[in-house]
Amino acid sequence: MVKKWLFLFVGFCFSSLLALAQPQVDTLRLPLPSAEKMFLDSNLQLLAQRYNIDANQALVIQARLWPNPNFSVGHTLYSGTLKKFFPLGADDETTFGLSQTILLAGKRNKQIQLALANVKLTEYQFFDLLRTLKYTLRTDFFHIYYLRQSAKVYDEEIKALTHIVTAFSEQQGKGYISEKEVIRIKAQLYTFQSEYSDLLNQVNDVESELRLVLQVKPNFFIDPVPDSIGIRKLDPSQIPLPTLMDSAYHNRTDLQIARTNTNINQLNYNYQKALAVPDLEPLAAGRRVAAGRIG
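Just so it is clear, the structure is predicted and the values come from calculations on it, not from any experiment.

(A) Seen up close, the overall build of the chain. When you go through the chain residue by residue, the secondary structure sums to eight helices and five strands. Along the chain, from the amino end to the carboxyl end, the secondary structure elements read α-β-α-α-β-β-α-α-β-α-α-α-β. With the model as given, the accessible surface of the chain reaches about 21,200 Å², and the carbon-plus-sulfur share is 61%.

Structure below.
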């Protein structure tokens, strides 16, 4: 009797340790708007790309600045006529100069236009990254949902075929059904089980990608909750094809990136041509001697 209770106690402790060792899986029910908000809040790659936009905007401010004037002063250290308390001699000389670079051929305006174009390019790259990741998020969201709906159908079919196989095996023992028919039903069952296993592997792969996009820990089970009413209301035939093409022509960020790159190359070509024109640098200079003469 004591041994029986001892075995029960050891078995209870062992099962408790196994339960503690297994990671706790939490279900995360996500509508699509909540998933997109989580994506925007937690994706550090987008924040890093946003900082690049700020850095290029700083280059625009830098391009708007004018060149600084240069002021220089020179004085002779020793002229050979030092005095005891007043070190300036009669032949000492002080010179000064003021120069200001004047950019010609519109170099400053071309630099500003080039910097603004680079800001636009960075913004379009940011929005293109955002569009690509949102597309991945939405595709994985609905892919997981419909794969699981298919998995439910497979599960019901496998349960039904399992009952049929059991019944056919019993009838085969009684001689009412041939062995060929039982083998055919079993082969169908094994096919469904194999397809069901492949379907679950697809769900796991897509769910792993969705976790990566949402920055969700692996112990969360993502359960997509689509808006069924909104999906039923979608009717692509209500939007004319020319309207869709015109919207894509004006709003696709990859097309805007290609256009901006072409514009940047043209602006850079114009700027390089302007660099061939020398700048004007007028110099105002003067000389002052100790006796008060100005030259």
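Now that the structure is up, let's keep going.
(B) Expanded view of the environment of Ile102. Looking at the secondary structure, you find Ile102 in the loop between strand E3 (93-99) and helix H4 (107-174). With a relative accessible area of 38%, Ile102 lands in the partly exposed category. For the pair Ile102 and Trp66, spaced 36 residues apart in sequence, the C-alpha to C-alpha distance is 8.7 Å. Filtering out sequence-adjacent residues up to four positions away, Ile102 remains in contact with Asp279, Leu280 and Pro282.

(C) Up close: helix H8 (residues 253-275). In this model H8 runs 32 Å from its N-terminal to its C-terminal C-alpha over 23 residues, within 8% of the 33 Å that 1.5 Å per residue would give. Along H8, the residues classified as buried are Thr253, Gln256, Ile257, Thr260, Ile264, Leu267, Tyr271 and Ala274. Along its buried surface, H8 packs onto H4 and helix H7 (241-251).

(D) Summary view of the pattern of salt bridges. Inspection of every chain in the model, using the stated rule, returns nine salt bridges. Asp41 is paired through a salt bridge with Lys37; the nearest N and O atoms lie 2.9 Å apart. Taken together, the residues span about one helical turn, with Asp41 and Lys37 both in helix H2 (residues 32-42) at a distance of four residues. Taken individually, Asp41 and Lys37 each receive the classification exposed, so the pair is uniform in this respect. Between Glu207 and Arg211 there is a salt bridge, with its nearest N and O atoms 3.2 Å apart. Of this pair, Glu207 and Arg211 both sit in helix H5 (residues 179-214), four residues apart, which is roughly one turn of the helix. For Glu207, a relative accessible area of 3% corresponds to the buried category.

(E) Representation of the nonpolar core within the structure. Counting 22 residues, the largest nonpolar core has Leu30, Phe39, Leu46, Leu137, Leu210 and Leu214 as its most contacted members. The element best represented in this core is H4, accounting for eight residues. Not counting chain neighbours up to four residues away, the residues in contact with Leu214 comprise Leu30, Ala35, Met38, Phe39, Ser42, Leu137 and Ile222.

(F) The packing of aromatic side chains, seen in detail. Under the definition given, this model contains four aromatic pairs. Ring centres of Phe141 and Phe142 lie 5.3 Å apart, and the angle between their planes is 80 degrees; on these two criteria the pair is classed as edge-to-face. The class of Phe141 is buried, set by a relative accessible area of 1%. Look at Phe142 and you get partly exposed, because its relative accessible area is 25%. The ring of Trp66 is capped by Arg108, whose NZ or CZ atom sits 4.2 Å from the centre of that ring. Looking at Arg259, its charged tip hangs above the ring of Tyr249, at a distance of 4.4 Å from the centre.

(G) Layout of the confidence of the model for the chain. Here the chain shows a mean pLDDT of 79. Residues at 70 or above account for 82%. By mean pLDDT, the top-scoring element of the chain is H8 (92), and the lowest-scoring one is helix H1 (residues 2-21) (42). Within the model, pLDDT remains below 50 along residues 1-23, and this stretch shows one contact once partners closer than five positions in the same chain are excluded. Long-range and interchain partners of residues 291-295, a stretch whose pLDDT sits below 50, account for six contacts in this model, where long-range means more than four residues apart.

(H) Local environment of the side chain of Lys107. Within the secondary structure, Lys107 sits in helix H4. Not counting chain neighbours up to four residues away, the residues in contact with Lys107 comprise Tyr271, Ala274, Leu275, Val277 and Asp279.

(I) Quick peek at the packing of helix H3 (residues 44-64) against H4. At a minimum axis separation of 8 Å, H3 and H4 run at an interaxial angle of 170 degrees. Classified by the angle between their axes, H3 and H4 sit roughly antiparallel to one another.

(J) Inspection of the environment of Ala151 at higher detail. Following the sequence through the fold, Ala151 ends up in helix H4. Relative accessible area serves as the criterion here: at 9%, Ala151 is assigned to the buried category. Separated by 47 residues in sequence, Ala151 and Asp198 have C-alpha atoms that sit 9.9 Å apart. Among residues more than four places away in sequence, those in contact with Ala151 are Tyr196, Leu199 and Leu200.

(K) Seen up close, unusual backbone geometry. The residue Ala105 is not glycine, and still its phi comes out positive at about 65 degrees. Its place among the elements puts Ala105 in the loop between E3 and H4. In this model, Gln215 sits at a positive phi of 60 degrees, which is unusual for a non-glycine residue. With respect to the helices and strands, Gln215 occurs in the loop between H5 and strand E4 (220-225).

Reading guide: rules and limits
Residues numbered from 1 in each chain as written. Predicted model: local features only at pLDDT ≥ 70, side-chain atom pairs only at ≥ 80, totals over all residues. Heavy atoms only, no water. Helix = DSSP H or I, 4+ residues; strand = E, 2+ residues; numbered from the N terminus. Areas by Shrake-Rupley, 256 points an atom, 1.4 Å probe, with all protein chains shown as cover. Buried < 20%, exposed > 50% of the residue type's maximum accessible area, 1.4 Å probe, protein only. Contact = heavy atoms within 4.5 Å. Expected span 1.5 Å × (residues − 1). Salt bridge = Lys/Arg side-chain N within 4 Å of Asp/Glu carboxyl O. Core = buried A, V, L, I, M, F, W, Y, C linked by side-chain atoms within 4.5 Å. Phe/Tyr/Trp six-rings, centres within 6.5 Å; stacked < 30°, edge-to-face > 60°. Lys NZ or Arg CZ within 6 Å of the ring centre and 35° of its normal. pLDDT = per-residue confidence, 0-100. Axes fitted to C-alpha atoms, helices over the stretch in contact; angles between N-to-C directions. Parallel < 35°, antiparallel > 145°, perpendicular 65-115°, else oblique.

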